[in-house]
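Below, each chain spelled out in residue letters.
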Amino acid sequence: MSYYFSKTLEMPFVQAIQHVTEALAGKGFGVLTTIDVRATMKKKLDLEMAPYRILGACNPGFASRAIAAEPAIGALLPCNVVVRALPDGRVRVEAMDPHSVMALVGRPEVGEIAVQVRGLLEQALSKL
């Protein structure tokens, strides 16, 4: 079982970030955090790398249900969506598979929520 699913886009990196954010919003996800991995690597390690962002996506309704079912589930939230530039100029979008990750919890009610969230993330990526 893979822990993520992905899509490759033919657009500039900055435009891809906006496009992904809008697609997630269309399925009820907000982006709670944005981690600029490229900037962090440059600052902390003086390492050059291609643009790479991690978007922490959250659907509040599903997050609330998951927390009610398993209060410690916050350790696995939010759903990370990676947007990274490829050497050929395209952009790769990779979303964590909540079903794979939430299987670690071993609770059927959490698994059911994860399946629904996965479906919404897949729908968002299909709109890209």
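Residues numbered from 1 in each chain as written. Predicted model: local features only at pLDDT ≥ 70, side-chain atom pairs only at ≥ 80, totals over all residues. Heavy atoms only, no water.

### Considering the overall build of the protein
Working step 1: Check the secondary structure of the protein and you find five helices and five strands.
Working step 2: What you see in the protein, going N to C, is helices and strands ordered as β-α-β-α-β-α-β-β-α-α.
Working step 3: For 128 residues, the compact-globule formula gives about 14 Å, and the C-alpha radius of gyration of the protein, at 15 Å, lands near that figure.
Working step 4: Viewed in the frame of its principal axes, the protein has a C-alpha envelope of about 40 × 35 × 25 Å.
Working step 5: When the 128 residues of the protein are sorted by exposure, 38% land in the buried category.
Working step 6: When contacts within the protein are restricted to residue pairs at least 6 apart in sequence, those whose partners lie at least 24 apart make up 68%.
Working step 7: Per element, the accessible surface of the protein, about 7100 Å² overall, is 58% carbon and sulfur.
Working step 8: Separation of charge centres in the protein, based on 14 positive and 12 negative side chains, amounts to 3 Å. (Helix = DSSP H or I, 4+ residues; strand = E, 2+ residues; numbered from the N terminus. Rg over C-alpha atoms; globule rule 2.2 N^0.38 Å. Buried < 20%, exposed > 50% of the residue type's maximum accessible area, 1.4 Å probe, protein only. Contact = heavy atoms within 4.5 Å. Areas by Shrake-Rupley, 256 points an atom, 1.4 Å probe, with all protein chains shown as cover. Lys, Arg positive; Asp, Glu negative; His and termini not counted. Charge placed at Lys NZ, Arg CZ, Asp CG, Glu CD.)

### Some words on the pattern of salt bridges
Working step 1: In the structure shown here, the tally under the stated rule is 10 salt bridges.
Working step 2: Arg-92 serves as the salt-bridge partner of Glu-94, at 3.8 Å between the closest nitrogen and oxygen.
Working step 3: On the accessibility criterion, Arg-92 (22% relative accessible area) is partly exposed.
Working step 4: With its nearest N and O atoms 2.4 Å apart, the salt bridge here joins Arg-107 to Glu-109.
Working step 5: Of the residues examined, Arg-107 reaches a relative accessible area of 31% and is grouped as partly exposed.
Working step 6: Taking the relative accessible area as the measure of exposure, Glu-109 reaches 31% and is therefore partly exposed. (Salt bridge = Lys/Arg side-chain N within 4 Å of Asp/Glu carboxyl O.)

### Thoughts on the side chain of Asp-97
Working step 1: Relative to the helices and strands, Asp-97 is located in the loop between β5 (91-96) and α4 (98-102).
Working step 2: Side-chain polar atoms of Asp-97 contact the side chain of Arg-118, separated by 2.4 Å.
Working step 3: When residues no more than four places from it in sequence are discounted, the contact partners of Asp-97 are Ser-2, Tyr-3, Tyr-4, Phe-5 and Arg-118. (Polar contact = N/O pair within 3.5 Å; in protein donor to acceptor, adjacent residues only side chain to side chain.)

### Remarks on the environment of Val-20
Working step 1: Turning to its location among the elements, Val-20 is positioned in helix α1 (residues 13-25).
Working step 2: When the C-alpha positions of Val-20 and Thr-33 are compared, they lie 14 Å apart, and in sequence the two are 13 residues distant.
Working step 3: Contact partners of Val-20, with chain neighbours within four places excluded, come to Leu-9, Leu-55, Val-81, Val-83, Val-93 and Leu-128.

### Considering empty space enclosed by the protein
To find the voids left in a structure, one rolls a probe of water-molecule size over its atoms.
Working step 1: Using the criterion set out here, one finds one cavity of 30 Å³ or more in the structure.
Working step 2: Every residue lining the largest cavity is counted, 16 residues in all, and those nearest its centre are Phe-62, Ala-63, Leu-77, Cys-79 and Val-117.
Working step 3: Of all the secondary-structure elements, those providing two or more residues to the lining of the largest cavity are β3 (52-58), α3 (60-69), α4 and α5 (108-126).
Working step 4: Of the residues belonging to the lining of the largest cavity, the class tally is 15 nonpolar, one polar and no charged. (1 Å grid on protein atoms, 1.4 Å probe; cavity = no way out; pocket = protein on both sides within 12 Å on 5 of 7 lines; lining within 4 Å. Points joined across faces, edges and corners; volume = space filled by probe spheres on them. Nonpolar A, V, L, I, M, F, W, Y, C, P; charged D, E, K, R; others polar.)

### Let's talk about the environment of Val-81
Working step 1: On the secondary structure map, Val-81 appears in strand β4 (residues 79-85).
Working step 2: For Val-81, a relative accessible area of 0% gives the class buried.
Working step 3: Residues Val-81 and Ala-95 lie 14 residues apart in sequence; the distance between their C-alpha atoms is 4.3 Å.
Working step 4: Not counting residues up to four positions away in its chain, the partners in contact with Val-81 are Val-20, Leu-24, Arg-53, Ile-54, Leu-55, Ala-57, Val-93, Glu-94 and Ala-95.

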